[in-house]
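So you can see what is in the structure, the chains are spelled out below.
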Number of protein chains: 4
Amino acid sequence: MRYKPSDHPVFTLTTGPVDAYPAVLRGLASTVLYDYDPAFQATYQRVAEKLATIVKSETMPVVLHGEPVLALEAAAASLIGRDDVVLNLVSGVYSKGFEGWAARSGAKVIELAVPYDKVIDPADVARALAAHPEVTVVAACHHDTPSGTINPVADIGREVARHGAVFLVDAVSSFGGMAVDAASAHVDLFVTGPNKCLGCPPGLSILGVSNKAWAKMKANPNAPRASILSILDWEEAWRHDKPFPFTPSVAEINGLEAAIDLYLAEGPERVWARHDLTARACRAGIAAMGLAIWPAEERFASPTATAVKIPAGIDEAALRAEIRARYGVVLSSGRGETLGKLTRIGHMGPTAQPLYAIVALTALGGALSALGHKVDVGAGVAAALAVIDAA
Amino acid sequence: MRYKPSDHPVFTLTTGPVDAYPAVLRGLASTVLYDYDPAFQATYQRVAEKLATIVKSETMPVVLHGEPVLALEAAAASLIGRDDVVLNLVSGVYSKGFEGWAARSGAKVIELAVPYDKVIDPADVARALAAHPEVTVVAACHHDTPSGTINPVADIGREVARHGAVFLVDAVSSFGGMAVDAASAHVDLFVTGPNKCLGCPPGLSILGVSNKAWAKMKANPNAPRASILSILDWEEAWRHDKPFPFTPSVAEINGLEAAIDLYLAEGPERVWARHDLTARACRAGIAAMGLAIWPAEERFASPTATAVKIPAGIDEAALRAEIRARYGVVLSSGRGETLGKLTRIGHMGPTAQPLYAIVALTALGGALSALGHKVDVGAGVAAALAVIDAA
Amino acid sequence: MRYKPSDHPVFTLTTGPVDAYPAVLRGLASTVLYDYDPAFQATYQRVAEKLATIVKSETMPVVLHGEPVLALEAAAASLIGRDDVVLNLVSGVYSKGFEGWAARSGAKVIELAVPYDKVIDPADVARALAAHPEVTVVAACHHDTPSGTINPVADIGREVARHGAVFLVDAVSSFGGMAVDAASAHVDLFVTGPNKCLGCPPGLSILGVSNKAWAKMKANPNAPRASILSILDWEEAWRHDKPFPFTPSVAEINGLEAAIDLYLAEGPERVWARHDLTARACRAGIAAMGLAIWPAEERFASPTATAVKIPAGIDEAALRAEIRARYGVVLSSGRGETLGKLTRIGHMGPTAQPLYAIVALTALGGALSALGHKVDVGAGVAAALAVIDAA
Amino acid sequence: MRYKPSDHPVFTLTTGPVDAYPAVLRGLASTVLYDYDPAFQATYQRVAEKLATIVKSETMPVVLHGEPVLALEAAAASLIGRDDVVLNLVSGVYSKGFEGWAARSGAKVIELAVPYDKVIDPADVARALAAHPEVTVVAACHHDTPSGTINPVADIGREVARHGAVFLVDAVSSFGGMAVDAASAHVDLFVTGPNKCLGCPPGLSILGVSNKAWAKMKANPNAPRASILSILDWEEAWRHDKPFPFTPSVAEINGLEAAIDLYLAEGPERVWARHDLTARACRAGIAAMGLAIWPAEERFASPTATAVKIPAGIDEAALRAEIRARYGVVLSSGRGETLGKLTRIGHMGPTAQPLYAIVALTALGGALSALGHKVDVGAGVAAALAVIDAA
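Criteria and thresholds
- Residues numbered from 1 in each chain as written.
- Chains lettered and ligands numbered in written order.
- Predicted model: local features only at pLDDT ≥ 70, side-chain atom pairs only at ≥ 80, totals over all residues.
- Buried ≥ 20, exposed ≤ 12 C-beta atoms within 10 Å, placed from the backbone.
- Helix = DSSP H or I, 4+ residues; strand = E, 2+ residues; numbered from the N terminus.
- Right-handed = clockwise from strand over helix to strand, strands pointing away.
- Expected span 1.5 Å × (residues − 1).
- UniProt positions renumbered as here; feature names shortened; annotations may be inferred.
- Contact = placed C-beta atoms within 7 Å.
- Nonpolar A, V, L, I, M, F, W, Y, C, P; charged D, E, K, R; others polar.
- Pairing = 2+ DSSP bridges.
- Axes fitted to C-alpha atoms, helices over the stretch in contact; angles between N-to-C directions.
- pLDDT = per-residue confidence, 0-100.
- Parallel < 35°, antiparallel > 145°, perpendicular 65-115°, else oblique.
- Left-handed = near helix turned anticlockwise from the far one by under 90°.
- Least-squares fit on C-alpha atoms with pLDDT ≥ 70 in both.

A. Representation of the pairing of strand β3 (residues 85–90) of chain A in the model. Burial of β3 of chain A is extensive: five of the six residues sit out of reach of the surface. Note that the unit made of β3 of chain A, helix α4 (residues 93–104) of chain A and strand β4 (residues 108–113) of chain A has a crossover that is right-handed.

B. Structural view of helix α9 (residues 268–288) of chain D. All names here are of chain D. Here α9 spans 30 Å end to end across 21 residues, near enough to the 30 Å set by a 1.5 Å rise per residue. In terms of residue burial, α9 counts as a mostly covered element, since 15 of its 21 residues are buried. Following α9 by one or two positions, G290 adopts a phi angle in the positive range, close to 80 degrees.

C. Looking closely at the UniProt feature "modified residue: N6-(pyridoxal phosphate)lysine" (unreviewed entry) in chain A. Residues and elements named next belong to chain A. Cross-referencing UniProt, the feature "modified residue: N6-(pyridoxal phosphate)lysine" (unreviewed entry) maps to K196 in the present numbering. Here K196 is to be found in the loop between β9 (189–192) and β10 (205–209). Since 28 C-beta atoms lie within 10 Å of it, K196 is described here as buried. Every residue in contact with K196, bar those within four places of it in the chain, is listed here: G16, V18, V172, S173, G176, T304 and M348.

D. Representation of the interface of chain D and chain A in the model. At the junction of the two partners, chain D supplies 26 residues and chain A supplies 26 residues. Elements with a minimum of two residues in the side of chain D that touches chain A: α9, α11 (354–370) and α12 (377–390) of chain D. Looking at side-chain class alone, the side of chain D that touches chain A contains 19 nonpolar, five polar and two charged residues.

E. Structural view of the sheet that holds β10 of chain A. All names here are of chain A. Spatially, the seven strands line up as an open sheet ordered β2-β10-β9-β8-β5-β3-β4, and their pairing is mixed. Because the sheet does not close on itself, it has two edges, and the strands there are β2 (62–64) and β4. Averaged over all neighbouring strand pairs, the angle between strand axes comes to 20 degrees, with direction disregarded. Examined bridge by bridge, strand β8 (residues 166–170) and β9 share three bridges and lie parallel to one another. Paired with V169 across the two strands is F190, which belongs to β9. Running over the sheet, helix α3 (residues 68–79) touches β2, β5 (137–141), β8, β9 and β10 and is turned about 160 degrees from β9.

F. A look at the confidence of the model for chain A. Confidence along chain A averages 98 in pLDDT terms, with 100% of residues attaining 70 or more. If you check the scores for this complex, the pTM reads 0.98 and the ipTM reads 0.98.

G. Broad picture of the packing of helix α11 (residues 354–370) of chain B against helix α11 (residues 354–370) of chain C. Where α11 of chain B contacts α11 of chain C, the two axes come as close as 10 Å, and the packing angle between them is 125 degrees. Relative to α11 of chain C, α11 of chain B is oriented oblique. Between α11 of chain B and α11 of chain C lies a crossing of right-handed hand. When α11 of chain B is examined against α11 of chain C, the residues L355, I358, V359, T362 and A363 of chain B are found in contact with a partner set consisting of L355, I358, V359, T362 and A363 of chain C.

H. Expanded view of the relation of the copies chain A and chain B. The two copies are related by a screw motion: chain A maps onto chain B through a turn of 180 degrees and a shift of 0.0 Å along the axis, at an RMSD of 0.0 Å. Such values leave the two copies arranged in the relation of a two-fold axis.

Printed below as a string of structure tokens:
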């Protein structure tokens, strides 16, 4: 029995877009209100207030009405001026990619890079900042998703704060799936989105902004205004009595509220714990099948996505196609430099449940075996189960 | 009995966001697939192909993943280069507003303006183009929504084509509610969205692009690339075997497909007819209540929104608040220069049904009377009904 | 413009099935849990407990898993034994129809009847009970829907209680739309359903049972057991730790919970007020159009449905067909003896909002005029609006 | 990490209620139309016509508006008269349970029974019919769900047809998941429901009726009329121009249409194949873990549910509780005589996908091990995967 490409898959275990929570889908289906209707304005403020409790930024979080690449581009354009010197911490394809947006603003960009299977060492950041007192902005990617690695942003943030620079962090695919927020990581511009670990569809992004970041954006003459790229235009938009710069995505906001409600009802610690356990079980299974994760050390590995190195002789695209055709399971490829070298299993939102690790391991192992790289799926499952049972 | 601001309204008769069709809401609630899953890639291409049948642009329509102000800003940034001379046809707040985006690209902008209760005369366009042979781009707003007026874009398009300029049209709030498409109006960059007459929530925009417009955008060194503002990046994205520049809004695409399916199943002509009839009934009722529409002549009035002049002595915001509190009906205000001067009744998508004109007239008339401007609601309803019955 | 029979109607203003609340529809779309899953068992108990707060029966309400005709048949079969003498209060088609179920149980049925445009006089009930001391069960229909009339069940209940009989009331289409519950009306077996004024789809029924009614059902050797008609089997089923006699309708229970939540959030008094106001506005409009309501006196008229007498020369079926074809509005016919003599406008749940009375009056008046019975729709709307504005 | 009873489960792998297909849930959320609205009447007839293509009864299938126990009780009450002699084929709890309904109609019931882990031998049926020429009705349960066994109804049906009796079959939990229909099994009264392998929630039942069965029901003076138990009342109700005996469950009908559309789009053979493969994989895993299925021979085992014998020393209720608490997986218990002796894994509708067998095996094996009965989960998964990969 094969699943055709046109068949709906059975399991979407990707790094995003992820399968949304059913309650989020029902939220999306709520009656669409006029954005200036007081009932919607109250909803919008309420969503912002709920976000504030989880993003923990100094000021009310800003929602931008496009998926998080909008927020990242907007953040670079708004925060980084022509006179800025940006220390860009490069640990993967996404952090490297940020350089393009940073450079576009006219700033000088200094790169501190590690191989894409490693993470940034806070001590190196301290050294780089000491060597470059002119640095005004430090940019990092918390979870460099194409590598499945997690940078120690809290420790890095401490160095940045000590230096006095503004700290911009892409926490798109980690926020909501592990313990990270704007406050604890000393982040001035915390960029994330609901379409990963919060279990929403793509379409919105979320920004946690410090007072310092607001001041810097306001002082930047090139910060976008009257533009989809403007963050400044939205500063007050969360208030029920303030106008929206343009029409917000009403349905996505309704979905977001459902997602936050689920997150708070379950309890963030509980949500993080199941992301972590799912990833640990997955990694144990990978190892037991004689495969390797992409991150150079297990402590670098993300709790929200597991990147698996592709064994020699296996074509990664063919592998994922086989996994889907044979089992109806969808996994994510690598991107850019990691494309072809790894396959990624997402543990995000509704799929961050330990038994999904079993599903992923079975599908991955079965397809590898079918393609000629024999692995012991039973051993993989047993190892994963041992981790789950020990929790 | 009063409706509190926090109560959900009973009727949302606005000019957008409009009440989405129930089938669209159910579409939004569809399982979220991975964007690179072949089943979603097939969906995306199928949606583009369906859009092509209704947008009627020379090339496959482009979907941008933000509400139509994104598309308008992107269109200006992509199409208009530093060497361009733009003839901007100003008939209202939205067409005037386009000047900002056009000017930002460095182009020279020539304005041909009429009072905001009138529409552009194609003969004036011909004269302006004759006087300004250097004009390379002409921009118009088909339905200048804050005025409820419809510009004769097909006739204007003929003049622009004759001149050889590129024609950019904002048809956001007219497309799908009346006979307008890229082909018949000779439009090179046709900007619209599903969140008005197609009955979707805000979150996407649609562009119909001519070969000439693609060539011009590609020749523009400043046309955005690697940006949320890029149109060029999306040229091939509709193909099931091509990558997306960034993650598309999966749920909104599912909603859009439901909307197009409804539109095609009902038949565009039938859909346009009910928009037109609803608006005509509404205008008849307005007149019979001794009120006036905002457009200087009835033939300027939009079939998708009726702008009603506010009688002397009435505060427009208080009027809408009274309409909502007293009847649970939500109408739209004016914007910019028309703010306070008119109230707008939307006839878009699911509310473009003649009996909604009765609801709107009753609520408007009742609230005006309550605020001291007595009108004969019965006469208004009777006049509207006569139009409906004559159809 | 005509609506075809296959077109979805624009307004469903019927006496049931009614348009469900959007939140109820989303509730129906909730993930279906296994009925013995503890999460569903907890839901089931929670729904019963919420019902208890609104049904106000002595014991926990029973939900039966079919629309209310199931509950009425089950109530007759369970409560009425071969030795019972039933006083059946007949004021319309539904109360008359109950006789069939009562007689089937072998009981003697005494009828106290009034013309179908009048309601039962409690004094007559007192007299009948005095004349028939052998009566053990009294049955009444609170809202005899095919007539749109409301019987004074609280006063009748007082007489029944004095006599010592068991009081069975069909409150299917009144409960949730006006002040009626098991306690205040001294009802022993209170039969209702969520598919009228609570705004759910048909599929469930609700029973409020007194201790006396439970005792009587248990003492009835013919009370159904191991049957879809059993009430007794469900006595304990509301408890999270007790089994279900058969599989409950999981989705409908989820929908019901959403409906109760809406009802409690809005506040029952507020909900009743808008039903009442909608009906009063409707009746004022009917009168102003020179038409008559079916009930002989306005004080008999239901706040949840308005029955309008058909003028001589008008074919009722043709009238409703014209209303639908011309305006997309769906109304209800009469039933049995009232079929052809009246058309009914429902004011139930989401359509119990005053402006829906305007919609109904316009459609009714417009179609009557079109069929040759000219009425002044403007006058009707104005009269209705005056009532709304006075509230 | 433990799942609390109040937590929503992660996987519902039960024998019903099953997890409904997402498209069915969206169908349930469709706008509720008035049952006599022509658009709904057309829907109802269309659903009946689609059902006819899959039920393959001689006459148009009847939908009853309650879950299948209603249809079974109604079938017994309608078909079986006081003069009938019923041969009841007992292979499990459900077929045994039918006796109660059959006996209630006053008929004589002859039992042909096998142990509850075996199935009926058609030769025994032939012998019983030869020995009892007075038999007029034969009743069988195709899938005796509490045992997970499948009776050979096609072969039995041939014997019944030869004898000239009427054949009544409960195919509730097999229809839609394997090759069975009224025609191929020579069934006169084919009872099923959409809430098992078609992936709907419980709330409806479906009857396929032969001409002979209609004639017999019509000739039965005790066949229910004017009752929720009536089948006869619904004979013509499928026609768009015929009345409903009482209000149909509109939302459930909308859900059913979505389910049939999915079933037809995927293709019944494909649907059956994935049920079969899932069950075979499951059984292979059970065996490889050293466990046993309940059916005495594998060829008796159902493709839609796998009943697993509980090892000595394990408490079945505690086992399922552990499976849910540890992994978030919900399985079904036995019922009646099989309660406590087996646990059932459903493969019905959306969960009839091979990888769900892996999920079930892992959860079952893991919990057994945790409770002290050590099994080799890895071996179980490997064996199941081998079956899947061989398909």
